[in-house]
Amino acid sequence: MTRNPPEQEESLFEAPPIGEQERMVEAILFASAEPLRVAELNARMPHGCDAAAALAHLARRYEGRGVRLVRVGEGWAFRTAPDLGFLMQKETVELRKLSRAAIETLAIIAYHQPVTRAEIEEIRGVSVSRGTVDQLLELDWIRFGRRRMTPGRPVTYVVTEEFLDHFGLESARDLPGLKELRAAGLLDSRPMPGGPDDAEAEDGQTDMFEDES
Amino acid sequence: MTRNPPEQEESLFEAPPIGEQERMVEAILFASAEPLRVAELNARMPHGCDAAAALAHLARRYEGRGVRLVRVGEGWAFRTAPDLGFLMQKETVELRKLSRAAIETLAIIAYHQPVTRAEIEEIRGVSVSRGTVDQLLELDWIRFGRRRMTPGRPVTYVVTEEFLDHFGLESARDLPGLKELRAAGLLDSRPMPGGPDDAEAEDGQTDMFEDES
Amino acid sequence: MPEQGPDSFTEGPARDPVAARLAAEALIVDVEGFEGPLDMLLTLARSQKVDLRRISVLHLAEQYLAFVEQARTLRIELAADYLVMAAWLAYLKSRLLLPPDPTDEGPSGEDLAAHLAFQLERLEAMRAVAARLLGRDQKGRDFFVRGIPEDVQRVRRVQYTATLLDLMQAYARIRTKDEFRPYVLDRDALYTMEEALERMRGLLGYAGEWIDLSSWLPEGWQTDPVRRRTATAAHFAASLELAKQGQIEIRQSDTFAPIHIRRKPRA
C-alpha cells in the first residue's frame with residue numbers, strides 16, 4: 001500500500017507533533033485486538049503523520065512494562081508481557097490439542113514454506129490427511145500460497161500472520177533454530193537420487209520465504 | 001469478593017516490589033474483558049500485593065497518554081483518551097447484493113414508471129413487502145411520483161437521478177426493451193413448453209419468503 | 001515408544017530367540033503408534049544410539065527387514081507403505097553389499113543410503129523444531145490480547161450494489177414469466193380476467209356459432225365451486241371486454257339463463 005509522501009500534505013495540513021502521534025498510535029493499537037499495519041495506522045491518523053516513527057517511540061516507552069508493543073509480521077500490536085501469564089488464568093483460552101501429525105505438518109510448513117502437500121508427505125514419510133490441513137487452515141495458522149510452477153501447478157502452503165502472532169514471532173525468519181537447520185542443509189529440497197523428481201531439485205529452495213512481503 | 005487480609009501472608013511471602021505490582025495490574029486490566037474491582041485485582045495478584053497502591057501509580061503513569069486508566073463504576077479499566085475518540089471510528093463499507101425481490105421491484109419501477117404498488121404486485125405475481133420498497137427509497141433509487149387519479153388515489157413510484165447515475169443511464173428510456181433483451185440472450189431462459197408451471201410456481205414461492213426479510 | 005531395544009532381534013535367533021521374538025512382537029503390536037515407515041525407521045535408528053549422521057544404514061535396513069519378516073511369521077498384515085519401504089530397503093541392502101557394477105548407471109548404494117540418512121535427520125529435525133515451537137509463549141496462554149477491543153467503533157456502512165445486467169435480467173425474468181406462463185396459478189384458485197382474455201382470443205376462431213360461455217371454462221375449473229366461480233367471472237368480464245372491442249357478440253335470453261357468445265361476423 002503506497003500513500004502520498006507527507007511532504008505533499010505539509011503545506012496544507014500541519015502534522016501533529018510526534019508526541020501526539022505517539023498518543024494516537026497508542027490509542028489505536030490499544031483498542032485493537034488484531035495487529036495493525038503501519039499503512040492501516042497511517043490511514044486512520046491525520047494527514048502528514050508518520051506512524052512508523054511514532055511506533056519506534058512507543059515501543060521504547062513500553063519496554064519492560066506489563067504490556068508490550070510487539071511486531072507481528074507486517075503488523076503491530078499490544079500484548080501482555082509473557083512473564084505475567086500466570087496472572088491470567090481467567091483469560092486463558094482452551095488451546096485446542098493438536099495431533100502429532102498436525103504439529104509436525106505445521107512445523108514443516110513454517111520451516112519449508114512455501115511447501116506443497118507432496119513435499120510435506122515426502123518429509124513426513126506418510127500421507128497428509130485432509131483433516132490435518134483443514135485444522136490448520138481453520139486455526140488460521142496456514143493459508144494457501146502461490147501455486148508452484150511445476151507440472152500440475154500444485155498449491156503451496158505458507159504460515160499466516162495469525163500464526164506469527166500466536167507464537168509471538170516477529171516474522172517467519174525468527175522461527176527457532178531456523179538458521180541452524182538451514183546451515184545443516186536440512187531445509188534443502190534434496191530429491192531421492194535417481195528418483196523421478198530429480199529435475200525439480202532446487203525449486204523448493206529458491207523461493208523460500210520470498211512470500212513474506 | 002472477600003479474601004484474607006494480606007497481613008496474614010506477609011510473614012510467609014515477600015510481596016513483589018510496587019513497580020512489579022504496577023506491571024501486573026497493567027497486564028491484568030489490559031487483558032480483562034471487563035472492568036475489575038480492587039478486590040478482584042488483589043485476588044488475582046500474589047499474596048501481599050496492594051492493588052490500590054499499584055493502581056494509583058499506574059494511573060499517574062498513563063496521565064496524558066493515548067490511553068487512560070479510568071474508574072468504571074466500582075471497577076477500573078483502560079480507555080482511550082477522550083480527545084482521541086475520532087481515531088476510533090473505522091468506517092468499513094460492506095458491499096451487498098440487492099435481494100431478488102428488491103431488484104425485481106426496482107426493474108418494474110424502472111420499466112413501468114410511474115407505477116403503483118398494486119401494479120408492481122400484478123406484474124411480479126407476488127406481494128411486495130414494505131421493507132423492499134423502503135430499502136429502495138432509502139437507497140434513493142426510487143421516489144414517490146404523482147398520485148394516480150384512480151379510486152384510492154394510490155401513490156406511484158418512479159426512479160431517481162441517483163438511480164440513473166448508479167446504473168449509468170441517461171434516462172430510464174435508455175433501458176433496453178424486451179426485444180433487445182432477447183437479442184442479448186437475456187430472455188433465453190424460457191420455461192419448457194408443456195411443463196413449466198411446477199418449477200416456476202416454486203420459484204414464485206421462494207420469492208415470497210425472500211420478501212419477508 | 002517402546003524401550004525394548006529393537007536391535008536385539010536383528011542378530012538372529014542364535015543369540016536370544018525368545019527375547020528377540022518378544023521385542024519384534026512389541027514393535028508389531030505398536031505399529032499403530034508409528035506415523036508410517038519413516039517414523040519407524042527413525043525409532044529404529046535412534047536405538048543405534050549414535051548420531052544420525054554416523055548411523056549404519058545397512059544395519060538399519062536389516063533391522064527393518066527383520067521386523068517385516070517377523071510380522072510375516074506372526075501373520076500380521078502390514079500396511080502397504082511398510083512393504084514398499086521393505087522392498088526399497090532390500091534393494092538398498094543389495095546395493096550396499098554387492099560390489100558396484102561399472103555398467104550400472106543408477107545411483108550408488110552409498111547415495112541411496114546417504115539420502116535415507118538425510119530423510120531421517122530431517123524428520124528428526126522437524127520434530128525437534130515443532131517441539132520448540134510449541135514450547136514458545138503462546139497467545140491466549142502466556143500472553144494476551146486486549147480484553148475490550150470493541151472500543152473501536154466500527155461504522156459499518158452497507159452499500160447495496162446492483163448492476164445494469166442484474167436489473168435487466170430481473171426484468172427479463174418477470175417478463176418471460178408473463179409471456180410464457182399465461183396460466184400460472186400464483187394464487188391457487190384465482191382466474192384473472194387477463195388470463196381469460198388471453199385464452200378467449202385464442203378460442204374465438206372456433207366461435208362462429210353461438211356457444212354457451214360456461215362450456216368455455218378451462219379444464220380443472222369446471223367442477224370445484226370456488227374455481228368455477230372465479231373462472232366464470234373472469235370469462236364473463238373478458239367477454240364484455242371483447243364485445244366492447246367489437247370482436248364478439250353476446251346474448252342472454254333471460255335472467256340467469258346461459259350466456260352465449262359468438263365471433264362477430266365480418267361486415
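Small disclaimer: the values here were computed from a predicted structure and weren't measured. (Residues numbered from 1 in each chain as written. Chains lettered and ligands numbered in written order. Predicted model: local features only at pLDDT ≥ 70, side-chain atom pairs only at ≥ 80, totals over all residues. Heavy atoms only, no water.)

Asks: What's the story with the overall build of chain C in this structure? I'm lost.
Replies: Counting its regular elements, chain C contains 8 helices and 4 strands. Reading chain C from its N end, one meets helices and strands in the order α-α-α-α-α-β-α-α-β-α-β-β. The proportion of buried residues among the 267 residues of chain C is 39%. As presented, chain C carries roughly 14700 Å² of accessible surface, and 53% of it is formed by carbon and sulfur atoms. (Helix = DSSP H or I, 4+ residues; strand = E, 2+ residues; numbered from the N terminus. Buried < 20%, exposed > 50% of the residue type's maximum accessible area, 1.4 Å probe, protein only. Areas by Shrake-Rupley, 256 points an atom, 1.4 Å probe, with all protein chains shown as cover.)

Asks: I keep staring at helix H7 (residues 130-138) of chain B and nothing clicks. Help me out?
Replies: Within an α-helix, residues lying three or four positions from one another point in the same direction, as the helix has 3.6 residues per turn. All names here are of chain B. For H7, the full list of buried residues reads Thr132, Val133, Gln135 and Leu136. Buried residues of H7, viewed axially, fall in a sector of 155°; they line one side. Looking at H7, the residues exposed on the side facing more than 90 degrees away from the buried face are Arg130 and Glu138. (Arc of directions from axis to C-beta.)

Asks: Sorry, what's going on with the interface of chain A and chain B here?
Replies: By convention, interface size is frequently given as the accessible area that disappears when the constituent parts associate. On the chain B side, the residues contacting the 30 residues of chain A number 30 residues. Regarding the contact of chain A and chain B, the summed buried area is about 2500 Å², with carbon and sulfur atoms giving 59% of it. The largest contributions to the chain A side of the interface with chain B come from Arg23, Arg65 and Leu87 of chain A, which together make up 27% of the buried area. At the surface where chain A touches chain B, the tally comes to 6 salt bridges. Across the chain A-chain B interface, the total number found is 15 residue pairs in polar contact (both at pLDDT 80 or more). Contributions of two or more residues to the side of chain A that touches chain B are made by helix H2 (18-31), helix H4 (51-61) and strand E3 (75-80) of chain A. Per element, the largest residue contribution to the side of chain A that touches chain B is 9 residues, and it comes from H2 of chain A. Residue composition of the side of chain A that touches chain B, grouped by class: 16 nonpolar, 3 polar and 11 charged. (Contact = heavy atoms within 4.5 Å. Buried area = accessible area lost by both parts, 1.4 Å probe. Salt bridge = Lys/Arg side-chain N within 4 Å of Asp/Glu carboxyl O. Polar contact = N/O pair within 3.5 Å; in protein donor to acceptor, adjacent residues only side chain to side chain. Nonpolar A, V, L, I, M, F, W, Y, C, P; charged D, E, K, R; others polar.)

Asks: So what exactly am I meant to see when it comes to the pattern of salt bridges here?
Replies: Side chains carrying opposite charge are able to pair once their charged atoms draw close together. For the coordinates displayed, the defined rule picks out 30 salt bridges over all chains. Put simply, Arg100 of chain A and Asp39 of chain C hold a salt bridge, and the shortest N to O gap is 2.9 Å. Remark: Asp39 of chain C occurs in helix H2 (residues 37-46) and Arg100 of chain A occurs in helix H5 (residues 100-112); the pair is interchain, linking two chains. Residue classification places Arg100 of chain A among the partly exposed positions, given a relative accessible area of 32%. The residue Arg72 of chain C makes a salt bridge to Glu69 of chain C at a minimum N-O spacing of 3.9 Å. Remark: Glu69 of chain C and Arg72 of chain C occur in helix H3 (residues 57-73); sequence separation between them is 3 residues, near one turn of the helix. According to the relative accessible area criterion, Arg72 of chain C is exposed, its value standing at 52%. Beyond isolated ion pairs, a larger network of salt bridges with shared partners links Arg100, Glu104 and Arg124 of chain A together with Glu35, Asp39 and Arg127 of chain C.

Asks: Which parts of the structure should I look at to understand the interface of chain C and chain A?
Replies: If you look at the interface, chain C gives 41 residues, while chain A gives 52 residues. In total, about 4100 Å² of surface goes out of reach between chain C and chain A, with carbon and sulfur atoms giving 63% of it. Counting across the interface, chain C meets chain A through 6 salt bridges. For Arg124 of chain A, the salt bridge goes to Glu35 of chain C, with nearest N and O atoms at 2.3 Å. Inspection of the chain C/chain A interface yields 13 residue pairs in polar contact (both at pLDDT 80 or more). Sorting the residues of the side of chain C that touches chain A by element identifies H2 and helix H5 (109-134) of chain C as the ones contributing at least two each.

Asks: In this structure, what is going on with the sheet that holds strand E3 (residues 248-252) of chain C? I would like to understand it.
Replies: Sheet strands associate in pairs through backbone hydrogen bonding, adopting either a parallel or an antiparallel arrangement. Residue and element names in this part refer to chain C. On the basis of which strands lie adjacent, the open sheet formed by 3 strands has the order E2-E4-E3 and antiparallel pairing. Each edge of the sheet is formed by a strand with only one pairing partner; in this case those strands are strand E2 (211-212) and E3. Of the pairings in the sheet, the one linking E3 to strand E4 (residues 259-263) comprises 5 bridges and is antiparallel in character. Counted as the bridge partner of Gln252 is Ile259 from E4. Docked against the sheet, helix H8 (residues 225-244) engages E3 and E4, running at close to 125° with respect to E3. (Pairing = 2+ DSSP bridges. Axes fitted to C-alpha atoms, helices over the stretch in contact; angles between N-to-C directions.)

Asks: What is the right way to read a nonpolar patch on the surface from this model?
Replies: All names here are of chain C. Where nonpolar side chains cluster on the molecular surface, the patch consists of Phe236, Leu240 and Ile250 and spans about 230 Å² of accessible area. Here Phe236 is to be found in helix H8. According to the relative accessible area criterion, Phe236 is partly exposed, its value standing at 33%. (Patch = residues over 30% accessible without salt bridge, like charges linked within 9 Å, V, L, I, M, F, W, Y side chains within 5 Å.)

Asks: Even after reading the chapter, I still don't get the sheet that holds strand E6 (residues 156-159) of chain B, so can you show me in this structure?
Replies: All names here are of chain B. Here we have 3 strands laid out as an open sheet, ordered E4-E6-E5, and antiparallel in their pairing. Looking at which strands have only one partner, the edges of the open sheet turn out to be strand E4 (115-116) and strand E5 (142-144). Summarising the sheet, E4 and E6 pair through 2 bridges and their orientation is antiparallel. Looking across to E6, one finds that Val115 is bridged to Tyr157. Strand contacts of helix H5 (residues 100-112): E4, E5 and E6, with the helix running at about 90° to E6, the strand carrying the most contacts. Contacts from H7 reach E5 and E6, with the element oriented near 105° to E5.

In short, the description is geometric, and any link to function would need to be established separately.
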